[in-house]
Amino acid sequence: MTAFGDLYKRLSNWGRWGDDDEAGTLNLIDDAAVRRGVDSVRTNQRFTLGIPLNQEGPQMGFIWGRVNPLRTMIAINEPWNDDVVTMGLQAATHWDALAHMSYDGTLYNGFPAGTVNAHGATKCGIDKTPPIVSRGVLLDVARSKGVDRLDGGAFVTDEDLDAAAELAGVQVESGDVVLVRTGQMQVFLSGDRMAYPYPSPGLGLSAAQWMRTHDVAAVAADNFTLEAVPGEIEEPFIPVHILHLVAMGLTQGQNWDLEALSAACADDGDYTFLLDATPQPFTGGLGSPVNPVVIR
């Protein structure tokens, strides 16, 4: 077995919550995790972490068919006004469904890859996702390293996450949702849409082990792919996706704007908050746009 195969097997959560489970690590969001989130509200500051839904989004044709949101009018003063939108479900700030990735012919928990068909995901789709409301923890890796933004292609390691948690003065607990800031979102916000996806800093392989060790319920980052691009290994393609979504059943998100939140956290030293980032229940969906709400 390869080194990746060993890691994949070691991180597996298959069967942990039963053979029929389709929620994965979101099962870890229990009453205690929600209560920690509620107890983290101290200033009543509110933030939304979603990027605008428009034609100026991060999709530049790198992934065929994944289009930026196109909103058009279908009724004007009739007397009502109405509109419609076409977009990739992973086009902007979003969660990936567990069925978004397969490996060696299987989805999370051993469901066959063939359970995803022309109609969508019959197993592990985004519609099987329970509410994502828990304590959120910002791990500002860029700030912990004393930089505005990590270099393109830099791998966020388990040691980097430990250092960011030390900066935050927080112990990540089972059921927490972890938000990882690399600073890469600044490239998108500057208007350089071509340079945003590649090369990009992001999570490395050891960070997946860190998420498993800390029983993180979900993880999101401020970049295009969550993991570093180019990848840490050549094969398989996007290995952190496979470890998270297939082996661990760990819901992951991309394109989260953490800039204003990170500034507020740095200002008062409090990096925990109540997070509501429940996806839209698209039947059979492989992902969902989301506008995460933070109250701190």
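What counts as what
- Residues numbered from 1 in each chain as written.
- Predicted model: local features only at pLDDT ≥ 70, side-chain atom pairs only at ≥ 80, totals over all residues.
- Heavy atoms only, no water.
- Helix = DSSP H or I, 4+ residues; strand = E, 2+ residues; numbered from the N terminus.
- Rg over C-alpha atoms; globule rule 2.2 N^0.38 Å.
- Buried < 20%, exposed > 50% of the residue type's maximum accessible area, 1.4 Å probe, protein only.
- Contact = heavy atoms within 4.5 Å.
- Areas by Shrake-Rupley, 256 points an atom, 1.4 Å probe, with all protein chains shown as cover.
- Lys, Arg positive; Asp, Glu negative; His and termini not counted.
- Charge placed at Lys NZ, Arg CZ, Asp CG, Glu CD.
- Pairing = 2+ DSSP bridges.
- Axes fitted to C-alpha atoms, helices over the stretch in contact; angles between N-to-C directions.
- Core = buried A, V, L, I, M, F, W, Y, C linked by side-chain atoms within 4.5 Å.
- Arc of directions from axis to C-beta.
- Left-handed = near helix turned anticlockwise from the far one by under 90°.
- Parallel < 35°, antiparallel > 145°, perpendicular 65-115°, else oblique.
- Nonpolar A, V, L, I, M, F, W, Y, C, P; charged D, E, K, R; others polar.

1. Examining the overall build of the chain
Step number 1: Counting its secondary structure elements, the chain contains 8 helices and 15 strands.
Step number 2: For 296 residues, the compact-globule formula gives about 19 Å, and the C-alpha radius of gyration of the chain, at 18 Å, lands near that figure.
Step number 3: Along the three orthogonal principal directions, the C-alpha set of the chain runs to about 60 × 50 × 40 Å.
Step number 4: Going through the 296 residues of the chain one by one, you find that 54% of them count as buried.
Step number 5: By sequence separation, contacts in the chain at least 24 residues apart represent 78% of the contacts at least 6 residues apart.
Step number 6: Split by element, the accessible area of the chain, about 12900 Å² in all, is 52% carbon and sulfur.
Step number 7: Averaging the coordinates of the 19 positive side-chain charges in the chain and doing the same for the 38 negative ones gives two points 3 Å apart.

2. Topic: the sheet that holds strand S4 (residues 94-96)
Two modes of strand pairing occur in sheets, parallel and antiparallel, and in both the strands are linked by backbone hydrogen bonds.
Step number 1: In spatial order, the strands read S1-S15-S13-S7-S9-S11-S12-S4-S14; together these 9 strands make up an open sheet with mixed pairing. The strands lining the two open edges of the sheet, one partner per strand, are strand S1 (46-48) and strand S14 (287-289). Within the sheet, the average angular offset between the axes of one strand and its neighbour, ignoring direction, is 25 degrees.
Step number 2: Relative to strand S15 (residues 293-295), strand S13 (residues 272-276) is paired through 3 bridges, and the arrangement is antiparallel.

3. A short note on the nonpolar core
Nonpolar side chains in soluble globular proteins generally cluster together in the buried interior.
Step number 1: Within the largest apolar cluster, 70 residues are counted, with the highest numbers of intra-cluster contacts made by Trp95, Leu161, Leu179, Val180, Met211, Trp256 and Leu261.
Step number 2: Of all the elements, helix H7 (residues 239-248) adds the most residues to this core, at 7 residues.
Step number 3: Ignoring sequence-local partners within four residues, the contact set of Met211 consists of Leu161, Val178, Val180, Leu203, Val216, Val219, His244, Met248 and Leu250.
Step number 4: Ala92, Met185, Phe188 and Phe224 belong to the second largest nonpolar core, which has 7 residues in total.

4. Some words on helix H4 (residues 158-168)
Step number 1: Taken as a whole, H4 has its buried residues at Asp160, Leu161, Ala164, Ala165 and Ala168. For H4, the angular spread of the buried residues around the axis is 135 degrees, confining them to a single face. Opposite the buried face of H4, by more than 90 degrees, sit the exposed residues Glu159 and Glu166.
Step number 2: Gly169 occupies a position one or two residues after H4 and carries a positive phi of about 65 degrees.

5. As for the packing of helix H1 (residues 3-11) against H7
Step number 1: One way to put it is that H1 packs onto H7 with a least axis distance of 9 Å and a crossing angle of 35 degrees. At the point where H1 passes H7, the crossing takes the right-handed sense. Every residue of H7 that contacts H1 at Phe4, Leu7, Tyr8 and Leu11 is listed here: Pro239, Ile242, Leu243, Val246, Ala247 and Met248.

6. Description of the packing of H1 against helix H6 (residues 205-213)
Relative orientation and spacing of two packed helices are given, respectively, by the angle between their axes and the distance between those axes.
Step number 1: H6 packs onto H1 with a crossing angle of 15 degrees between their chain directions and a minimal axis gap of 10 Å. The pairing of H1 with H6 is recorded here as roughly parallel in orientation. Judged by the twist between their axes, the crossing of H1 over H6 is left-handed. Each of Leu7, Arg10 and Leu11 in H1 lies in contact with H6, whose residues at this interface are Leu205, Ala208, Gln209 and Arg212.
Step number 2: Grouping the amino acids of the contact of H1 with H6 by side-chain chemistry returns 4 nonpolar, 1 polar and 2 charged.

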